[in-house]
Amino acid sequence: MTVPPASAIPASTPFVDRHIGARRQADVDAMLKAVGYDTLDALVDTAVPRDIRQDSGLELGAALSEVETLAELRTLAAKNKTAVQMIGQGYYDTVTPPVIRRNILEGPAWYTAYTPYQPEISQGRLEALLNFQTMVQDLVGLPIANASLLDEATAVAEAVLMMRRANKNKEARDGKTVLDADCLPQTIAIVKGRAEALGFEVEVADLSKGLPDGVINGVVLQQPGVSGRVFDHTSVIAAAKERGALVTVAADLLALTLITPPGEQGADIAVGSAQRFGVPLFYGGPHAAYMAVQKGLERSMPGRLVGVSKDNAGVPAYRLALQTREQHIRREKATSNICTAQALLAIVASMYAVYHGPDGLKAIAQATHGHAKTLAASLKAAGLDVLHTSFFDTVTVAVPGKAAGIVAAAEGKGINLRSIDADTVGFSTDETTTAAIVDDVLGAFGATRIDAAAGTDTAFALDAAVERSSDFLQHPVFSTHRSETQLLRYIRKLSDRDLALDRTMIPLGSCTMKLNATAEMEAISWPEFASIHPFAPDSQTAGWRELIADLEEQLTEITGYDQVSIQPNAGSQGELAGLLAIRGYHLSRGDEQRNVCLIPASAHGTNAASAVLAGMKVVVVATAADGTIDHADLYAKIEANMDALSCIMITYPSTHGVYDADVREVCDAIHAAGGQVYIDGANLNALVGLAQPGHFGGDVSHLNLHKTFCIPHGGGGPGVGPVAAKAHLAPFMPGNAATWTEGNDVPISASKYGSAGVLPISWAYVKLMGGQGLTEATKAALLAANYIAARLNDFFPVLYTGEGGLVAHECILDLRELTAKTGVTAEDVAKRLIDYGFHAPTLAFPVAGTLMVEPTESEDLGEMDRFIEAMISIRAEIDQVEHGDFTLADSPLRNAPHTAAAAISTDWTRGYPREQAVFPVHSLRQDKYFPPVGRIDGALGDRNLICSCPPLSEFEN
Ligand SMILES: *Cc1c(COP(=O)(O)O)cnc(C)c1O
C-alpha cells in the first residue's frame, strides 16, 4: 500500500456522498415517509428476506478518497511497463486521435449513453454506428455489416455457428467446420471450445494446400494469417463453394485498404477486429469486432444492425433493425446470446475512419507495409530466412535456436516481438512504427537496414492477385470532417442529438444506469494501462495482474463465492462461462445425460440463448400470479427431468424486481435433484452488502460490471460479465485462449482478461466506496425504487411487490388496464417521456405492456421528483384521452415525441395546444431537449432494409 500519510490528504467529502444521490438526511426522511417507514434499516429488513441476509459487513477495507484512489492506481500503473508493441497476433498499436479520445472515449455524452433501443433520443450514436457499418462494408466488400461484436475470436465463433444455421445445402449442412491453420490461435481455441459443447467437428488444416477431404459445412480463412502470410483465397473459396460449404474470412481492416476484400473473392461472411482503428490495446480489450455478410444472411446475423427508416413526418431516421431485442423475443431460438456488445469502441473506430478518410487510411497502411518490407528485405539481406514473401504487416523469421536471444535483445531496446517457438520469431508493424524502431528491431536480429526496393528478390511486393483495385469510403462523411474544428463539431452535433446520463436519469430496469464517476474513468487511458499488449511478457504487466487479482478478490468477498474470473466480456458471456462450468462439472462426474436447464418464464432472453450455446435443452418454468416461480410447475419440471437435470437459471432479485422469499427452497429442491443453481447476478445492485448469492444457494453467477460496478454502458458496450463460482466449479472456469490445448478449460473470450481495459473503473468504485459505502449504496437503491413505486402506485399500479408491499431495486409499472381502457400503450408513455426530457424506463421486459423503473442510488431526490412529476402529468393526459378531450390518434401521447419542427409548423391542427406538446411542465421552458426526429416507423425500416450511410440527399427534406 502506498497511501500517502493522512496529513498529506486534503479533507474532502467522502466519495460515497457524491456517488449516492439522495444523501441528505432530510431527503432520506422525506422518501422514507412516502414509503411509510421510520428508518432505512427498517425498510431494508422488511424487503430483504431474513434467511438470505449476510451476517457480517463486507471486508473490503475503508473507503479511500478520490485522491488516494488515483494515487493507488498510479502505483499500479507504474508496475506496468510500456513497450513498442510488435507482438501482433490480432492486436496492433495505434494512435487514438486526441480529439476522439477526449471527446468520445472520455466524453460522458458518449460513454454514459444506453443501447439505442429508443431511437428518437439516439440518432447521434446510431449515425456513428451506421458509419461503422458502412466503413466495414466498404472495406470487406460485403453489403451488410452489424454494429459490433465482442472480439475477433468470438466473432469467428458466431460466424461458424451462423454457417451451421444458414447452410441450406443438404449434403453439406451437417458436415465439419474447417479452419485454416493460419488462423489466430485464440480464434481456433474459441471455436473448438464452442464446438465441443455443441457436438460438431472442427478440423484445422493448411488451406493454402487446398481443402481436406470429407463433408464440409463451412470454412474459415484468415487474411493475413497469423504468420503474416497473404495468399490469394480465390481458388480455395471457389472450391469450398463447389462442395456446398459457406466461407468466412477473418480479415484485418487496415490490410484491406491494400488487399482484395473477402467479398470480392466470394466469401459469404467477413469478421475481424476494428481495434487498430484508434482503439488502444487495453491489455486485450475492449475492442469492437465486426461481422459483415452477403445478402440473404442478414436475418441470421448475430448482434445489432442499425438501419434507416422514417419518422412520423416522413423524415429519414435511424433505428436498430430486425433483431432489436431479439433474445427477448426469440430466446432459445435467438441467433446468438450477445446483448451488450462494443458500441463505444465501434464508434471510436468509425470516427478514426472519419478522421483519416480513405486516403489517410491507405497512407497508414502503406507506411505499415513499407516498414514490414524494409524489415523483411534487410533480414533477408543479412542471410536470415523470412518465411513468407507476400505479407502486409507481419513477418515471420526462422532463426534456429536463436529466438529467445533475439526476443530478449529486442526487449532490451524496449520492443516486444512475438516469440513463436525456440526457432521462430515474428513481429508486426503498425501505425506507430518509425524508422528508428525498424533499426532497433534489425539490431536485435544482428542485421542492418537496406532499402526494400533495392533488389527485385527482396522487394516483397504483394502479389498482383491480392492487390485491391476497388474504392472504399466514398461516402462524404469520410471526407467532410477533416479539420479538427469540423470533426469536433461533428462529434458534438451527434452527441447533442442524444439523451445520455449526463443530461437525465435513465431509469432502465435491469440495466442499472448509475453514476460513472470521472475519478473511476480517469485511469483507463493512462498509457501504462492502455498501451499494454495482451501477450506482453509477465515482467511488464505486474500492475495489471495485481489490479485484476485484487478486483477478483473484491468480487469474491462481495458475492460469497470462492473464485471469480473477469474474462467474460459481457453478461451473456458470463452466462455461457458459468453454464459451461456446470457442464464440465457434470461431465467430470460421469453425468453425461444432465443437459436440461430450467429457466423461469420471466428470465432475461440471454439466459435461454446461452443455455443453447452450452449445449443444453431449455425447459421453461411458469410464473405464479404473484410473480414468483410457480412451485407446482417447478416440482413437476424437476420430476419430469430428474435424471437429465443440469441446472436452473434464476435471477435474484427476480426480473420482477422482487426478493422472492423462497429462493433458498428453490435452490434446495434443485440441489436435491442433483442439479446446479445458476444465479443471474445482473440485479446484484440489490444485494451488495446485504446478501450473497454464493451463500444463499447459488453455485455460480455472472455479474455485470457495466451495471452494478459503474463501467459506463457506452451506448451498447463495452461490458464485463465476470463469472463467480463455488469451489467445486472452480476447476471449470474459463481457460486462456492464447495458450489453450485440447481437453483443458474452455476459454470464453479471445484474451485472458477479456475487457481488461475498463477494469480500473470497477476497481476504483470498490476502493472509493469501501464495504460500508457499497452497502449504503444498495440500501439507497432500494429506497429510491420504493419511493418511486410508492409515489406512482396510484397512477400506474406497481405489478409485483414482496414482503410489506415493498419492491427491491426496481419496480414494474403496469399499464395494461389503462391500455385496455384508453388504447394508450406503454410505448406511448415511453415516447411521451422524451418530451419531458427523459429516457424511457425498460419497455415490455419482463412483462409486455409494462414499464420497469430502476432509479439506482445515484439519482437525487430532485431528479426523481422531476420523473414522478412527468409520469403523473402523463397520467393526466391519459385521463384526457379517456374523457374525450382529444382522441388517442390526436393526443400528445400517440404523437410523441414532438420535434421542434412539428411544434412550430404553421398548420398545427392537433386537438391539444403546442404548449402542451413541448412544455407540458413548467421547468421545461428553461431546459428543453428537442428530439431530432419524431416517432419512428420500425416496421417500414425492417421491410425495406437500408443499413449503410444513405446519400445525403435523403436528408434534405
Ligand atoms: C443485462 C442482463 C443480462 C445480459 O447482460 P449483457 O451484459 O447485456 O450481456 C442478463 N441477465 C439480466 C437479468 C440482465 O439484466
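Residues numbered from 1 in each chain as written. Predicted model: local features only at pLDDT ≥ 70, side-chain atom pairs only at ≥ 80, totals over all residues. Heavy atoms only, no water.

A. Layout of the overall build of the protein chain. What the protein chain contains, in helices and strands, is 29 helices and 25 strands. With the C-alpha coordinates aligned to their principal axes, the bounding extent of the protein chain is approximately 85 × 70 × 70 Å. Partitioning the contacts of the protein chain with sequence separation of at least 6, the portion at a separation of at least 24 is 77%. Accessible surface, the protein chain: about 31600 Å² in total, of which carbon and sulfur atoms supply 50%. In the protein chain, 75 positive and 111 negative side-chain charges are present, and the distance between their average locations comes to 4 Å. (Helix = DSSP H or I, 4+ residues; strand = E, 2+ residues; numbered from the N terminus. Contact = heavy atoms within 4.5 Å. Areas by Shrake-Rupley, 256 points an atom, 1.4 Å probe, with all protein chains shown as cover. Lys, Arg positive; Asp, Glu negative; His and termini not counted. Charge placed at Lys NZ, Arg CZ, Asp CG, Glu CD.)

B. Here's a closer look at helix α2 (residues 25-35). Every buried residue of α2 is accounted for by Asp 27, Val 28, Met 31, Leu 32 and Val 35. Relative to the axis of α2, the buried residues are bounded by an arc of 135° and lie together on one face. For α2, the exposed residues lying more than 90 degrees away from the buried face are Gln 25, Ala 26 and Lys 33. Along its buried surface, α2 packs onto α3 (40-47), α23 (759-792) and α26 (861-882). Just downstream of α2 lies Gly 36, where phi reads positive at about 95°. (Buried < 20%, exposed > 50% of the residue type's maximum accessible area, 1.4 Å probe, protein only. Arc of directions from axis to C-beta.)

C. Representation of the pairing of strand β25 (residues 850-853). A two-sided burial pattern is seen for β25, the buried positions comprising Thr 850 and Met 852 on one face and Leu 851 and Val 853 on the other. Where strand β24 (residues 842-843) and β25 come together, 2 bridges link them in antiparallel fashion. The residue bridging Thr 842 from the neighbouring strand is Met 852, located in β25. (Pairing = 2+ DSSP bridges.)

D. Structural detail: the pattern of salt bridges. Within the structure shown, the criterion is met by 39 salt bridges. The salt bridge involving Asp 865 is made with Arg 791; its shortest N-O contact spans 3.3 Å. With Asp 865 in helix α26 and Arg 791 in helix α23, the pair connects residues that are 74 residues apart, well separated along the chain. For Asp 865, a relative accessible area of 27% gives the class partly exposed. Given the relative accessible area of 31%, Arg 791 is considered partly exposed. Among the charged side chains, a salt-bridge network with shared partners connects Asp 180, Asp 182, Asp 206, Lys 209 and Arg 229. (Salt bridge = Lys/Arg side-chain N within 4 Å of Asp/Glu carboxyl O.)

E. The sheet that holds strand β8 (residues 289-293), seen in detail. The strand order β2-β8-β7-β6-β5-β3-β4 describes an open sheet built from 7 strands, whose pairing is mixed. The open sheet is flanked by β2 (144-145) and β4 (202-205), the only strands paired with a single partner. Relative to strand β7 (residues 269-273), strand β6 (residues 246-251) runs parallel, the two sharing 3 bridges. Looking at β7, one finds that Thr 248 is bridged to Ile 269. Sitting on the sheet, helix α9 (residues 185-198) touches β3 (176-180) and β4, and the angle it makes with β4 is about 155°. (Axes fitted to C-alpha atoms, helices over the stretch in contact; angles between N-to-C directions.)

F. Examining the site of the ligand more closely. With respect to spatial proximity, 14 residues lie near the ligand, and among them Thr 340, Ser 510, Asp 680, His 706 and Lys 707 are the closest. For the ligand, an oxygen atom lies 2.8 Å from a polar atom in the backbone of Ser 572. A distance of 2.6 Å is found between an oxygen atom of the ligand and a side-chain nitrogen or oxygen belonging to His 706. For the ligand, whose unbound accessible area comes to 380 Å², protein coverage reaches 98%. Across the shell around the ligand, the residue classes tally to 3 nonpolar, 8 polar and 3 charged. (Near = heavy atom within 4 Å. Polar contact = N/O pair within 3.5 Å; in protein donor to acceptor, adjacent residues only side chain to side chain. Nonpolar A, V, L, I, M, F, W, Y, C, P; charged D, E, K, R; others polar.)

G. Spatial organisation of the side chain of Asp 699. Mapped onto the elements, Asp 699 comes out in the loop between β20 (676-681) and β21 (700-703). Buried within the structure, Asp 699 lacks any salt-bridge partner; its nearest side chain of opposite charge belongs to Lys 726, at an N-O separation of 4.7 Å. Of the polar contacts made by the side chain of Asp 699, one reaches the side chain of His 671; its length is 2.6 Å. At a separation of 3.5 Å, a polar atom in the side chain of Asp 699 contacts the side chain of His 728.

H. Fine view of the sheet that holds β25. Taken in spatial order, the 3 strands of this open sheet run β23-β25-β24, and their pairing is antiparallel. Edge positions in the sheet fall to β23 (811-814) and β24, since each has one partner strand and no second. Here 4 bridges tie β23 to β25, and the two strands are oriented antiparallel to one another. Looking at the pairing, Asp 814 lines up with Thr 850 of β25.

I. How the structure looks around unusual backbone geometry. The omega angle of the peptide bond from Gln 223 to Pro 224 is -15°, so this bond is cis rather than trans. When you line up the elements, Pro 224 lands in the loop between β5 (216-223) and α10 (234-242). Located in the positive-phi region is Tyr 283, a residue other than glycine, with phi close to 55°. Of note, Tyr 283 is situated in the loop between β7 and β8. Owing to a relative accessible area of 4%, Tyr 283 belongs among the buried residues under this scheme.

J. Quick look at the environment of Leu 851. Checked against the element boundaries, Leu 851 lands in strand β25. Under the relative-accessibility criterion, Leu 851 is labelled buried at 0%. Along the backbone, Leu 851 and Phe 867 are 16 residues apart, and their C-alpha atoms lie at a distance of 13 Å. Beyond its immediate stretch of four places on either side in the chain, Leu 851 contacts Cys 811, Ile 812, Leu 813, Leu 815, Ala 826, Val 829, Ala 830, Pro 841, Thr 842, Leu 843 and Met 871.

K. The packing of aromatic side chains, seen in detail. On inspection of all chains with the given rule, the structure shows 16 aromatic pairs. Cluster of aromatic residues (ring-pair linked, three or more members): Tyr 283, Trp 526, Phe 529, Trp 544 and Tyr 753. Arg 74 extends its terminal NZ or CZ atom over the ring of Trp 526, reaching a point 3.7 Å from the ring centre. (Phe/Tyr/Trp six-rings, centres within 6.5 Å; stacked < 30°, edge-to-face > 60°. Lys NZ or Arg CZ within 6 Å of the ring centre and 35° of its normal.)

L. Broad picture of the side chain of Ser 525. For Ser 525, the position within the fold is in the loop between α16 (518-521) and α17 (527-530). Using a relative accessible area of 18% as the deciding quantity, one classes Ser 525 as buried. A distance of 2.3 Å separates a polar atom in the side chain of Ser 525 from a polar atom in the side chain of Glu 106.

M. Representation of the environment of Asp 252 within the structure. As for its position among the elements, Asp 252 is in the loop between β6 and β7. Judged by relative accessible area, Asp 252 falls into the buried class, the value being 12%. Through-space distance from the C-alpha of Asp 252 to that of Gly 90 is 8.5 Å; in sequence the pair is 162 residues apart. With residues up to four places along the chain from it excluded, the contact list for Asp 252 reads Tyr 92, Gln 223, Pro 224, Arg 276 and Phe 392.

N. Structural detail: α9. Under the 1.5 Å per step criterion, the end-to-end length of α9 is 20 Å for 14 residues, consistent within 8% with the ideal 20 Å. In terms of residue burial, α9 counts as a mostly covered element, since 10 of its 14 residues are buried. Taken together, the buried positions of α9 are Gln 186, Thr 187, Ile 188, Ala 189, Ile 190, Val 191, Gly 193, Arg 194, Ala 195 and Ala 197. Its buried side turned inward, α9 meets α8 (152-166), β3, β4, α19 (571-588) and α20 (605-613). (Expected span 1.5 Å × (residues − 1).)

O. Structural view of the nonpolar core. One finds Leu 73, Met 135, Val 219, Met 351, Leu 598, Phe 709 and Ile 788 to be the most contacted residues of the largest nonpolar core, which totals 222 residues. Element by element, the count of residues in this core is highest for α23, at 19 residues. Excluding residues within four positions of it along the chain, Phe 709 makes contact with Leu 555, Ile 558, Leu 684, Val 688, Leu 703, Asn 704, Ile 761, Ser 762, Tyr 765 and Val 766. Ranked by size, the runner-up nonpolar core spans 68 residues in total, among them Leu 305, Ala 341, Ala 611 and Ala 737. (Core = buried A, V, L, I, M, F, W, Y, C linked by side-chain atoms within 4.5 Å.)

P. Geometry of the packing of α3 against α23. Remark: α3 packs on α23, axes separated minimally by 10 Å, with the N-to-C direction vectors making an angle of 85°. Considering their axes alone, α3 and α23 lie roughly perpendicular with respect to each other. Facing Leu 40, Asp 41, Leu 43 and Val 44 of α3, the residues of α23 in contact are Lys 779, Leu 782, Leu 783 and Asn 786. (Parallel < 35°, antiparallel > 145°, perpendicular 65-115°, else oblique.)

Q. A look at the environment of Gly 543. Mapping Gly 543 onto the fold places it in helix α18 (residues 542-559). The exposure class of Gly 543 is buried, given its relative accessible area of 0%. Sequence spacing of Gly 543 and Asn 607 is 64 residues, and the spatial spacing of their C-alpha atoms is 34 Å. In this view, Gly 543 contacts Leu 76, Lys 79 and Asn 80; residues no more than four positions away in its chain are not counted.

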